[in-house]
There are 2 protein chains.
Amino acid sequence: MSQIIEVGKAVLSKNDELAAILRERFNKTGLRVINIVSSPGSGKTAWLQRTLARLQQQGRRGAALVGDLETDRDAQRLSQSGAPVRQIRTQGMCHLEAFMLEQHLENWNLDGVELLFLENVGNLVCPIGFDLGEHLKVLLFSTPEGEDKPLKYPPAFAWANVVLLTKMDMAEVAGFDLEFALQNIEQVHPGVPVLQTSARTGQGLDEWLKLL
Amino acid sequence: MSQIIEVGKAVLSKNDELAAILRERFNKTGLRVINIVSSPGSGKTAWLQRTLARLQQQGRRGAALVGDLETDRDAQRLSQSGAPVRQIRTQGMCHLEAFMLEQHLENWNLDGVELLFLENVGNLVCPIGFDLGEHLKVLLFSTPEGEDKPLKYPPAFAWANVVLLTKMDMAEVAGFDLEFALQNIEQVHPGVPVLQTSARTGQGLDEWLKLL
């Protein structure tokens, strides 16, 4: 096993080196990058659709880079906002890595874009270990998933700079215990800001845009 | 990168060898093993609770081995059924492997147990590559996750011997398009049986128990 761990570490540090280079590049051009992680089906794409649309209304420009094992469905959905969108197909890999980002940033004109959203692969474990040069780490967690998820996936919740509770409009039907959920998040990551949101109703959108 | 892939393959084949040994052992003792995979929060534990309770009513005996990064919450929930339950803490790993199974089966008296359920780590990518010596591969997919998940995680849906649509009681509120979901599953894995279930209402439980 030790061989594997060493190889793993080598990959990680190569990733981190590249991520640091990317971050420097982002800083030079004034691009702010947001890495979004969640389970499959937590509503990353729906929330990004609302976000990109609202940014456009405000005269701000956002772009998105979307990771999936397969298909470009999410990129298509996001393109409808008029924002620049590119898809990364990870071909079976359970997370985005910095080298994928570098490849897909090539020849992509992001002049005037203020915010670049990275929609990671739907996974609460793998993406955490891979720095993408981002400035903000966002974890989405939907009410139907149940209030115990912070206790069961502590590394993801500890990793996040901000946690978005999504699908708040379904909380009641899901029997979601909000107090217990907030308590669990606080236990795993004391002090982390939590926004209560719904892509359907727009709940939390103003707070989220202020934060950005 | 090639070095990593080779190491990865070596791990996989060592896992597969051990899985084959475990399967032989299960066959000798007449234990039927079911590997259950899903996203976090798709309702694996709730469904297992109903399953174990119903088995007990029928005078059949089930047991469960539950994988999580951290906590023994799921094992505690399942123990309430009176069935033998053990917890595997994977300590950060995103899937169960055969060696973990072997370790946790040691000194565990499963005499008279007919069905052993393995609740894998909540993840639609990592667990697929690791044979656990199971006889049945079950994928759970909850309606709030959205009908496009089969297209986005085709390996998981291709892997399954049976797909359980869970949280059918929330389908309407989630705006879940059942026809499109079934069509997507059929596209990725033609002919795979799909059960429509709800741990809340008990929908699909009879069909599921017949299948077991």
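On a predicted model such as this, the values are computed, not experimentally measured, just so you know.

Student: How should I be thinking about the interface of chain B and chain A in this particular structure?
Tutor: Interface size, as often reported, equals the accessible area lost upon joining of the parts. With 38 residues of chain B at the interface, the matching set in chain A holds 38 residues. Across the interface of chain B and chain A, roughly 3,200 Å² is buried in total on both sides, 63% from carbon and sulfur atoms. Three residues, B:Pro40, B:Arg73 and B:Lys152, lead the burial of chain B against chain A; their summed loss comes to 18% of the area buried on that side. Remark: the boundary between chain B and chain A carries 6 salt bridges.

Student: Can you walk me through the environment of A:Pro154 in this structure?
Tutor: Along the polypeptide, A:Pro154 turns up in helix H6 (residues 154-159). C-alpha separation for the pair A:Pro154 and A:Leu124, spaced 30 residues apart in sequence, amounts to 9.4 Å. For A:Pro154, the residues in contact, after removing those within four places along its chain, are A:Val188 and B:Glu70.

Student: I would appreciate a short explanation of the relation of the copies chain B and chain A in the present structure.
Tutor: Each of the two chain copies can be generated from the other by rotation about an axis followed by a shift along it. Each copy of the sequence occupies a distinct position, and chain B is placed on chain A by a rotation of 180° and an axial shift of 0.0 Å, giving an RMSD of 0.0 Å. Such a combination of turn and shift is consistent with a two-fold rotation axis. Interface overlap between copies is the fraction of interface residues in one copy that are interface residues in the other; for chain B against chain A it reaches 100%, indicating a shared surface.

Student: How should I be thinking about the pattern of salt bridges in this particular structure?
Tutor: Pairs can form between side chains of opposite charge whenever their charged atoms are close. Applying the stated criterion across every chain, the model contains 22 salt bridges over all chains. Between A:Arg23 and A:Asp131 there is a salt bridge whose closest N-O contact spans 2.8 Å. Of this pair, A:Arg23 sits in helix H1 (residues 2-29) while A:Asp131 sits in the loop between strand E4 (115-119) and strand E5 (136-142), and the two are 108 residues apart along the sequence. With a relative accessible area of 19%, A:Asp131 lands in the buried category. In this structure, a network of salt bridges that share partners links the residues A:Asp68, A:Asp74, A:Arg77 and B:Lys152.

Student: What should I look at first to understand the sheet that holds strand E3 (residues 85-89) of chain A in this one?
Tutor: One key point about sheets: their strands pair by backbone hydrogen bonds, in either a parallel or an antiparallel sense. All names here are of chain A. Reading across the sheet, the 7 strands line up as E3-E2-E4-E1-E5-E6-E7 and stay open at both edges, with parallel pairing between neighbours. Every interior strand has two partners, whereas the edge strands, E3 and strand E7 (194-196), have only one. Going from strand to strand, the sheet's axes swing by 20° on average, the running direction of each strand aside. Summarising the sheet, strand E2 (residues 62-68) and E4 pair through 5 bridges and their orientation is parallel. The residue of E4 that forms the bridge with Ala63 is Leu116. Helix H2 (residues 44-57) contacts strand E1 (32-37), E2, E4, E5 and strand E6 (162-166) of the sheet and is inclined by roughly 170° relative to E4.

Student: Could you clarify how one ought to interpret the sheet that holds strand E4 (residues 115-119) of chain B in this entry?
Tutor: Residue and element names in this part refer to chain B. Within the open sheet, the 7 strands sit side by side as E3-E2-E4-E1-E5-E6-E7. Their pairing is parallel. Each end of this open sheet is capped by a strand with a single partner; those strands are strand E3 (85-89) and strand E7 (194-196). Across the sheet, the mean angle from the axis of one strand to that of its neighbour is 20°, orientation sign disregarded. Looking at chain direction, strand E6 (residues 162-166) and E7 are connected through 3 bridges and run parallel. Looking at the pairing, Leu164 lines up with Leu195 of E7. Together, strand E1 (32-37), strand E2 (62-68), E4, strand E5 (136-142) and E6 form the strand contacts of helix H2 (residues 44-57), whose direction differs from that of E4 by roughly 170°. Those strands touched by helix H8 (residues 178-188) are E5, E6 and E7, and its axis lies near 155° from that of E7.

Rules used throughout
Residues numbered from 1 in each chain as written. Chains lettered and ligands numbered in written order. Predicted model: local features only at pLDDT ≥ 70, side-chain atom pairs only at ≥ 80, totals over all residues. Heavy atoms only, no water. Contact = heavy atoms within 4.5 Å. Buried area = accessible area lost by both parts, 1.4 Å probe. Salt bridge = Lys/Arg side-chain N within 4 Å of Asp/Glu carboxyl O. Helix = DSSP H or I, 4+ residues; strand = E, 2+ residues; numbered from the N terminus. Least-squares fit on C-alpha atoms with pLDDT ≥ 70 in both. Buried < 20%, exposed > 50% of the residue type's maximum accessible area, 1.4 Å probe, protein only. Pairing = 2+ DSSP bridges. Axes fitted to C-alpha atoms, helices over the stretch in contact; angles between N-to-C directions.

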